[in-house]
Amino acid sequence: VADIQIRFVYRYYYRIIANANVLINGVDGAEGPDSDKKYIKGQALAYRAWAHFNLVQLWGERFDAAGANDGLGVPLMLVATLEGQPRATIAEVYTQINKDLDQAVVLLTGYAKPNNSHLDLRVAQGLKARVALVQGNWAIAADFASKARAGKNLMTITEYGSGFNNYNN
């Protein structure tokens, strides 16, 4: 049972990455308004960064803020392919995660998500803050966490206690 659970999690994140790669690598050639393509690509980049981030934390060596980070990370999947890729270094994985998030922040600026199921600028900024925490980049983490929370209030105890089964919550 444990093997099935481990395989499920691994495949889950790589399926998200594969789907994101289809969008990232194909949206520029699609028909439609450039603004829509920009926001689609920004969301896909944020998803890909999030999935690689979770994978490297589960299956890669720990990030060392003072180290070279040349230990084994996870395969970086940047194109939609069924061929396995070799494991990248921790440094390479985090470099790609940050590159994806930086590009997502640019592309999602000005995007007003139609509902809570979409990723937006705040989500990308929150992810950037979380990645920076793991990397020991405290000033970047604080800056992006502040940006992600700007204009938002924390939930009240009543709101928090009502559960998370409401789509608008």
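For the structure itself, look to the data block above.
Residues numbered from 1 in each chain as written. Predicted model: local features only at pLDDT ≥ 70, side-chain atom pairs only at ≥ 80, totals over all residues. Heavy atoms only, no water.

Asker: Give a detailed account of the packing of helix 1 (residues 2–26) against helix 2 (residues 34–59), specifying residues and quantitative values.
Answerer: Relative to each other, helix 1 and helix 2 sit at 155 degrees, their axes nearing to 8 Å. Between helix 1 and helix 2, the interaxial angle falls into the category roughly antiparallel. Judged by the twist between their axes, the crossing of helix 1 over helix 2 is left-handed. (Axes fitted to C-alpha atoms, helices over the stretch in contact; angles between N-to-C directions. Helix = DSSP H or I, 4+ residues; strand = E, 2+ residues; numbered from the N terminus. Parallel < 35°, antiparallel > 145°, perpendicular 65-115°, else oblique. Left-handed = near helix turned anticlockwise from the far one by under 90°.)

Asker: Describe the packing of aromatic side chains, listing the residues and the values that go with them.
Answerer: The full count for this structure, using the stated rule, is eight aromatic pairs. Measuring from ring centre to ring centre gives 6.1 Å for Phe8 and Tyr12, while their planes differ by 20 degrees; the resulting arrangement is stacked. Highlighted residues: Phe8 and Tyr12, both in helix 1, separated by four residues, approximately one helical turn. Look at Tyr12 and you get partly exposed, because its relative accessible area is 38%. Taken together, Phe8, Tyr12, Tyr13 and Trp50 form an aromatic cluster joined through their ring pairs. Just above the ring of Phe144 sits the side chain of Lys147; from NZ or CZ to the centre is 4.5 Å. (Phe/Tyr/Trp six-rings, centres within 6.5 Å; stacked < 30°, edge-to-face > 60°. Buried < 20%, exposed > 50% of the residue type's maximum accessible area, 1.4 Å probe, protein only. Lys NZ or Arg CZ within 6 Å of the ring centre and 35° of its normal.)

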